[in-house]
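Descriptive analysis of the structure
The primary structure of each chain is shown beneath.
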Amino acid sequence: MSVFPRISLKPEVTEHLRSVFLNKEVLAAVGLQEAECRFQKLLTCLSHPPSYTCVRASTHLAPLEDIRLSLEEELKKQQKCSSSGEKLSIQIAQHPQIKDVLLLPVDGPRPVEQLSSEVVVGAQCGSAVLRGAHVFAPGIIASPKYMKAGDLVSVFSDLEGRCTRGATSFQGNKVFVGNGVAEMDRSAIFNAETPARGVGVRMVDPLFQSPSFDGVLPSMAFLQNLPSVVVGHVLGPQPGERILDMCAAPGGKTCHIAALMGDKGEVVALDRIRNKIDRICQNAQTLRLQSIKAYCFDSTQAVSVEPTEEYKAGPPFPPESFDRVLLDAPCSGLGQRPNMASTWSLKEICSYPPLQRKLFQAAVRLLKKGGVLVYSTCTVTLAENEEQVAWALKTFPCLTLQPQEPHIGAEGMPGAGLSPEQLSILQRFSPELSWDSINTTAPLSCRADRDTIGFFIAKFQKT
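Residues numbered from 1 in each chain as written. Predicted model: local features only at pLDDT ≥ 70, side-chain atom pairs only at ≥ 80, totals over all residues. Heavy atoms only, no water.

All right, on to the side chain of Ser-345 then. Relative to the helices and strands, Ser-345 is located in the loop between β14 (322-328) and α10 (346-349). Take Ser-345: its relative accessible area is 16%, and that puts it in the buried class. Those residues in contact with Ser-345, other than ones at most four positions away along the chain, are Lys-10, Glu-12 and Val-13. (Helix = DSSP H or I, 4+ residues; strand = E, 2+ residues; numbered from the N terminus. Buried < 20%, exposed > 50% of the residue type's maximum accessible area, 1.4 Å probe, protein only. Contact = heavy atoms within 4.5 Å.)

Turning our eyes to something else, we now look at the packing of aromatic side chains. Summed over the entire model, instances satisfying the criterion amount to 10 aromatic pairs. When the ring of Phe-4 is compared with that of Phe-208, the centres are 6.1 Å apart and the planes differ by 40°; the resulting orientation is tilted. Here Phe-4 is found in the segment before α1 (11-21), whereas its partner Phe-208 is found in the loop between β9 (199-206) and β10 (221-223), with 204 residues between them in sequence. For the pair Phe-4 and Phe-208, one class covers both residues: buried. Measuring from centroid to centroid gives 5.0 Å for Phe-317 and Phe-322, while their planes differ by 85°, and the two rings are edge-to-face. The exposure class of Phe-322 is buried, given its relative accessible area of 0%. What links up through ring pairs into an aromatic cluster is the set Phe-360, Tyr-375, Trp-391, Phe-396 and Phe-460. Over the ring of Phe-156 we find Lys-174, and its NZ or CZ is 4.9 Å from the ring centre. (Phe/Tyr/Trp six-rings, centres within 6.5 Å; stacked < 30°, edge-to-face > 60°. Lys NZ or Arg CZ within 6 Å of the ring centre and 35° of its normal.)

What follows concerns the sheet that holds strand β3 (residues 101-105). Read across the sheet, 4 strands follow the order β2-β3-β1-β10 without closing on themselves; strand pairing throughout is antiparallel. The sheet is open, and its two edges are formed by β2 (93-94) and β10, each paired on a single side. Looking at chain direction, strand β1 (residues 52-57) and β10 are connected through 3 bridges and run antiparallel. Each residue of the ladder has a partner; that of Ala-57, found in β10, is Ala-221. Lying on the sheet, helix α7 (residues 226-235) is in contact with β1 and β3; it crosses β1 at an angle near 30°. (Pairing = 2+ DSSP bridges. Axes fitted to C-alpha atoms, helices over the stretch in contact; angles between N-to-C directions.)

Once that is clear, we can look at the sheet that holds strand β7 (residues 152-158). Strand order in this open sheet of 6 strands is β5-β9-β8-β7-β4-β6, and the pairing throughout is mixed. The two strands at the open ends of the sheet, each matched to only one other strand, are β5 (135-136) and β6 (140-142).

By definition, a disulfide links two cysteine residues through a covalent bond between their sulfur atoms. Counted by the stated rule, this structure contains 0 disulfides. Here Cys-37 is not cross-linked by a disulfide; its sulfur's nearest cysteine counterpart is in Cys-45, at 11 Å. Cys-281 provides the cysteine sulfur closest to Cys-255, a residue in no disulfide bond, and the two sulfurs are 9.3 Å apart. A residue is classified by how much of its surface remains accessible, and Cys-255, at 0% relative accessible area, is buried. (Disulfide = S-S within 2.5 Å.)

Of all the residues in helix α12 (residues 386-395), the buried ones are Glu-386, Gln-388, Val-389, Trp-391 and Ala-392. Residues of α12 that are buried sit in contact with α11 (352-366), β15 (367-377), β16 (399-401), α13 (420-425), β17 (427-429) and β18 (455-462).

Quick look at the packing of α7 against helix α8 (residues 252-260) now. Running from N to C, α7 and α8 point in directions that differ by 40°, and their axes come no closer than 9 Å. Classed by the angle they form, the pair α7 and α8 counts as oblique. In this structure, the crossing between α7 and α8 has a hand that is right-handed. Contact residues: Ser-228, Val-229, Val-231, Gly-232, His-233 and Leu-235 in α7; Lys-253, His-256, Ile-257 and Leu-260 in α8. When grouped by side-chain class, the residues that make up the contact of α7 with α8 number 5 nonpolar, 4 polar and 1 charged. (Parallel < 35°, antiparallel > 145°, perpendicular 65-115°, else oblique. Left-handed = near helix turned anticlockwise from the far one by under 90°. Nonpolar A, V, L, I, M, F, W, Y, C, P; charged D, E, K, R; others polar.)

Here is the structure:
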């Protein structure tokens, strides 16, 4: 059910996306009416959260069923009543195909009455609330002048980033995301000398109801979008291998790779930003993984120019140093949900393919013969997905496209000149194909496989 407006994009970006989803190959395959319908559904579903929460369980530490029971118990302890006095229902299902995934349904949109006292948060914070988070103090932009801890407030998300920090009200473009209880006085939130930390508003009656995972079984339950979990399984890491994650922050996929290897082998994680490397190390420590080595380094420069036969622990590395490489590439992020607004220009959207190709070139050089390369993005454009696959196959004769397991998404989108056989073994998670028409009586796993973020996966082998 649609309760928010379509994602707000610059007109030039909207027209660009429309040309992608109505390209000649798509029109030949499904016709103008169906192609237009899919595009309009995409714009609408991007502003809404998926209908479930996905949790990756640390099955390298405990059996899945044990983790499921522990998670159920912990969430019951934290269970709160909504303003209507109705208790939350805790339902946790195991994914039938992906053996380290637990699924929790999201209840929403719910009939929540808006209050006169309003708190305004940034768009990123508002999106987090829609996925079950409380409001943390740094995300609060405006609040009532005399707000005190314990006050009931309605929370609104500022769609266009126009609200002035510290304002007492805001009449701009905003959307309601639910009601909560203030945990801090206004004076503490906007204290210039000591920036506030911690929960600023505890959500008690959100528009979309799902459990908060703040502090819940941190070593056993890791919140991660389902397609991001699928990536690790498609890569297929094996114990004892040496694996490279080229653009690793914040480390969710890195840690998953290490867990799938039973923490036996070596996972090298690279990222250009130092504090992001710290985050990877923190996640690895929390999940009790010892096989991860993280370095602050530009992956486009990760191939050593000095020939050497010696094993090298840190970057740059000699060619053919890794059994498997994951290139979860920097991208325009147009598949992320919920995302009610993007202020990016078309120039910014189109700036990623050249960087992705530089990273791809390094990845191929670093991969051993017979090794596996997985390329993924969380965007929906052709230029960053299927067109990159077509370019890679033409540029690197040593690469062959491989089937994926598990394959629970849709096939690739026509428009890049790939054959039907090639499209069939790509994996594009396309929420617009089923959004707003999903059978709510179907098993949770069936709904979860379809109602995802927008995501793309391609798997190659080097011969």
